[in-house]
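Remarks on the overall topology
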Amino acid sequence: MNSLNSASTLETHLETQTVIYPTLQYLVRFLPWDGKRVFDHLREECKHNPFIIENSDFHTNEALLDDILPNWYSPIAQELSLSEHLLGQISALSIPSRQRKALTHLTQWLSTSGYLEETPEIWADGSIWSAKELEAVVPILQSLDPPGIGTRSLQECLLVQLKDQPESLAFLLVKNYLEDIANCIGNTSESKQNCQALLQKLNQNINVDIEKITDAIHEIQELEPRPARNFGGSNAPIVTPDLKVELIAGSWQISLAYEVKQRFCLNSEAIKLLQESAKSRRDTQQLETLLQKARNLLTALQQWQENLLKVGKFLVERQQAFLQSQDKLDLMSTPQQLVAQSVGLSNSTVSRIVRGRHILVCNQHSRIIPLHSLCVPVGVGGRTSQQIQQMLLQLIAEESPANPYTDEQLAQLLKIRFCLPITRRTVTKYRKIAGIKSSHHRKLTDKKMASRSRKQGSLLKYQT
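Below: a short report on this structure. (Residues numbered from 1 in each chain as written. Predicted model: local features only at pLDDT ≥ 70, side-chain atom pairs only at ≥ 80, totals over all residues. Heavy atoms only, no water.)

From N to C terminus, the protein chain includes 23 helices and 6 strands. Relative to its full complement of 464 residues, the protein chain shows a buried share of 38%. Once local pairs closer than 6 in sequence are excluded, the contacts in the protein chain between residues at least 24 apart make up 65%. Carbon and sulfur atoms make up 52% of the accessible area of the protein chain, which totals about 27,200 Å². (Helix = DSSP H or I, 4+ residues; strand = E, 2+ residues; numbered from the N terminus. Buried < 20%, exposed > 50% of the residue type's maximum accessible area, 1.4 Å probe, protein only. Contact = heavy atoms within 4.5 Å. Areas by Shrake-Rupley, 256 points an atom, 1.4 Å probe, with all protein chains shown as cover.)

Structure, rendered in structure tokens:
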């Protein structure tokens, strides 16, 4: 008798597995997908499976996604970054390997405008090259595209772009009269007077008139004062939020932004025809398989939405302060392991749910944020990375420009001021994440502040 019971239990277990396992397969497939992809998958399934249909009774006030983002729309591919653009050219140069590596090293000192920052001594600090070696490859860097890259001042940038016209008036003006031509730009009476003064200076050496000066200035204005400005940018990605939160009665409430489950249902007429069919089970086996697949798909779809809501609800309840203030310092440490334990899902399932998924925050200025941005890993002392970086910025703002804090001193101050036990090595890590230079370089930057201000002033005046 016991053996019969055991066999019956085993048979039931095996039969259950055949039903549940395909459902889990579909669920795992759906987890990382956004609502539009799941919707498209179900709609395609309707074409081949008579037992699943799109629910004609379901109505929504929301515009269909295809009305906003047509299927034929494809975002422009992301452009190469400046680094990728330069490295591709450097790799094709017929120069010794050591020079090629030196050029690659030099690209890290390019500013966002495309200028070389700091001095050859600083470039060489901590590297295998001498300052003289790195200085020697600067002309090679300046020969690359975009024109003007790797220059160290506005004047040098413009001269490099005019190097093929060394006898032109534009080249002469940039080389000897850059400040003067900046004062000539505009239609004010003062700019016209400055233009006349420049004409008198030039007529001491060459014979020109106002029209030629104006044409030369227009030619200079067509040059690129910031060679790197067209690199590093990309089009904003098109995302479809799966969740939305709204402020209701003082608290943020979450819901699905794109309910797929209600749009599809089992075809009751097809099921009735199958049940009433006089054909043998063998003849209807293929149809029964399709029916089971339809049930599995809809069950997986239901679980997909429930899991998504479960994770979203926990994160929104935990990050209420951040949603209200939009200040990253209000984010609470919420690692994925904590989310998984709290909602009763595996860590891998939570990872699939939050990765690449977005949430629409509905308020006066609605915005879309990545769901994973609410899963903040635990930093030192239970503080988030953003909070530690903010503490560092606060301390550095109070330091003496002539004697900036070392990482060891910052570690001690964090312990005293914020009761944050932290090592020097960890301070260095968070300082680099925050984009803060070392104490040595912060001191060097202060010494050069006046010089840089003059250069920036000249650049702004030129562009105006």
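With that out of the way, let us pick up the sheet that holds strand β6 (residues 367-370). The sheet built from 4 strands is open, its strands ordered β3-β2-β5-β6 with mixed pairing. The open sheet has two free edges, formed respectively by β3 (251-256) and β6, since each of these has just one partner strand. Taken pair by pair, the neighbouring strands of this sheet meet at an average axis angle of 30°, ignoring direction. Sheet topology note: the strand β2 (residues 243-248)/β3 ladder contains 6 bridges and is antiparallel. Directly across from Lys244, in β3, lies its bridge partner Ser255. Contacts from helix α15 (residues 285-318) reach β2, β3 and β5 (358-362) within the one sheet, and its direction differs from that of β3 by about 165°. (Pairing = 2+ DSSP bridges. Axes fitted to C-alpha atoms, helices over the stretch in contact; angles between N-to-C directions.)

With respect to the element layout, Asn194 can be found in helix α12 (residues 189-202). Sequence separation of Asn194 and Ala182 is 12 residues, and the distance between their C-alpha atoms is 9.4 Å. When sequence neighbours within four positions are dropped, the list of residues in contact with Asn194 reads Asn183 and Cys184.

For the rest of this paragraph, the subject is the packing of aromatic side chains. Inspection of the entire model under this criterion finds 2 aromatic pairs. Centre to centre, the rings of Phe30 and Trp33 are 5.7 Å apart; their planes meet at 50°, and the pair counts as tilted. Take Phe30: its relative accessible area is 0%, and that puts it in the buried class. Judged by its relative accessible area of 12%, Trp33 falls in the buried class. Ring geometry for Phe39 and Phe264: centres 5.6 Å apart, planes at 55°, overall tilted. Pair noted here: Phe39 is in helix α2 (residues 35-48) and Phe264 is in strand β4 (residues 264-266), with a separation of 225 residues, a long-range link. (Phe/Tyr/Trp six-rings, centres within 6.5 Å; stacked < 30°, edge-to-face > 60°.)

This part is about the nonpolar core. In summary, soluble globular proteins display a tendency toward joint burial of nonpolar side chains. Phe30, Trp304, Val311 and Leu315 are the most contacted members of the largest nonpolar core, which has 50 residues in total. Ranked by residues supplied to this core, first place goes to α15 with 12 residues. Apart from residues lying up to four places away in sequence, Trp304 is in contact with Leu27, Phe30, Leu31, Trp33, Asp34, Gly35, Val38, Asp242, Val260 and Arg357. Counting 25 residues, the second largest nonpolar core, distinct from the first, contains Leu159, Leu173, Leu199 and Ile220. (Core = buried A, V, L, I, M, F, W, Y, C linked by side-chain atoms within 4.5 Å.)

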